[in-house]
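# Survey of secondary and tertiary structure
Below are the chains, spelled out letter by letter.
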Amino acid sequence: MCVLAVCHAVGSAPASDKVLFAYVAAMTAVSALPLLPAGLGPLDAALVLTLHHGGMPMSAATAADLLYRTLNPGLIGVAGWSVLLVQRRSRSGRGRIRPQSPYRVADPIHERGVEHGHLEDVAG
């Protein structure tokens, strides 16, 4: 859908079956060379050439590829990094709770406000 949308955005309206074939060809080219980051090179070449052979002018096919590369991984990456930064800022904005010392012994008498020597008030 993204490839079809960018083809329409650059002013060309190829048939949807040709766009689907171009996308499948591009993904096949990417899977053939998996070591390249984000399929840089094979995806672009396969997408541009397949769109061009499908009836789009070479300039429109190249523009569609560049727009696809900007929208698909670019904006998704920006959105992901934005969410990550918002989550990290919300965590750092919270007050930090200091752990209590493991050697502190709870004193229920002092916590209730009763002084030493008045145990009968607590027990009774």
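Remember, it's a predicted structure, so these values are computed and weren't measured experimentally.

### Details of the overall build of the protein chain
- Across its full length, the protein chain carries six helices and zero strands.
- When the helices and strands of the protein chain are read in sequence order from the N terminus, they spell out α-α-α-α-α-α.
- Looking at the 124 residues of the protein chain, the share that counts as buried comes to 21%.
- Roughly 9300 Å² of accessible area belongs to the protein chain as shown, and the carbon and sulfur atoms make up 64% of that amount.

### Focus on the environment of Ala-61
- In this fold, Ala-61 is placed in helix α4 (residues 58-93).
- On the basis of relative accessible area, Ala-61 is assigned to the buried category, the value being 0%.
- Once the C-alpha coordinates of Ala-61 and Thr-50 are considered, the two residues, eleven residues apart in sequence, prove to be 8.7 Å apart.
- The contact partners of Ala-61, leaving out residues within four places of it in the chain, are Val-48, Leu-51, His-52 and Met-56.

### Some details on the pattern of salt bridges
- Tallied over the entire structure, the rule returns one salt bridge.
- Among the salt bridges present, the one from Asp-44 reaches Arg-69, with a minimum N-O distance of 2.9 Å. Taken as a pair, Asp-44 in helix α3 (residues 42-53) and Arg-69 in helix α4 lie far apart in primary sequence, 25 residues in all.
- For Asp-44, a relative accessible area of 16% gives the class buried.

### Description of a nonpolar patch on the surface
- A contiguous nonpolar patch, built from Leu-20, Tyr-23 and Val-24 and spanning about 280 Å² of accessible area, is present on the exposed surface.
- Among the structural elements, Tyr-23 can be located in helix α2 (residues 16-32).
- We classify Tyr-23 as partly exposed; its relative accessible area is 36%.

### Re the nonpolar core
- Of all hydrophobic cores here, the largest spans 16 residues; its most connected members are Val-3, Cys-7, Leu-47, Leu-51, Met-56, Ala-64 and Tyr-68.
- Taken together, the elements giving at least two residues each to this core come down to α1 (2-9), α2, α3 and α4.
- Among the elements that line this core, the one with the most residues is α3, at five residues.
- Filtering out sequence-adjacent residues up to four positions away, Tyr-68 remains in contact with Cys-2, Val-3, Val-6, Tyr-23, Met-27, Leu-43, Leu-47 and Pro-73.

### With respect to the confidence of the model for the protein chain
- A residue-level look at the protein chain finds 74% of positions with pLDDT of 70 or above and a mean pLDDT of 81.
- Put simply, helix α6 (residues 119-123) is where the protein chain has its lowest mean pLDDT, 52, and α3 is where it has its highest, 93.

### Observations concerning α2
- Here α2 contains 17 residues, and its C-alpha end-to-end distance of 24 Å stays within 8% of the 24 Å for a straight helix at 1.5 Å per residue.
- Where α2 is buried, its residues meet α1 and α3.

Conventions used here
- Residues numbered from 1 in each chain as written.
- Predicted model: local features only at pLDDT ≥ 70, side-chain atom pairs only at ≥ 80, totals over all residues.
- Heavy atoms only, no water.
- Helix = DSSP H or I, 4+ residues; strand = E, 2+ residues; numbered from the N terminus.
- Buried < 20%, exposed > 50% of the residue type's maximum accessible area, 1.4 Å probe, protein only.
- Areas by Shrake-Rupley, 256 points an atom, 1.4 Å probe, with all protein chains shown as cover.
- Contact = heavy atoms within 4.5 Å.
- Salt bridge = Lys/Arg side-chain N within 4 Å of Asp/Glu carboxyl O.
- Patch = residues over 30% accessible without salt bridge, like charges linked within 9 Å, V, L, I, M, F, W, Y side chains within 5 Å.
- Core = buried A, V, L, I, M, F, W, Y, C linked by side-chain atoms within 4.5 Å.
- pLDDT = per-residue confidence, 0-100.
- Expected span 1.5 Å × (residues − 1).

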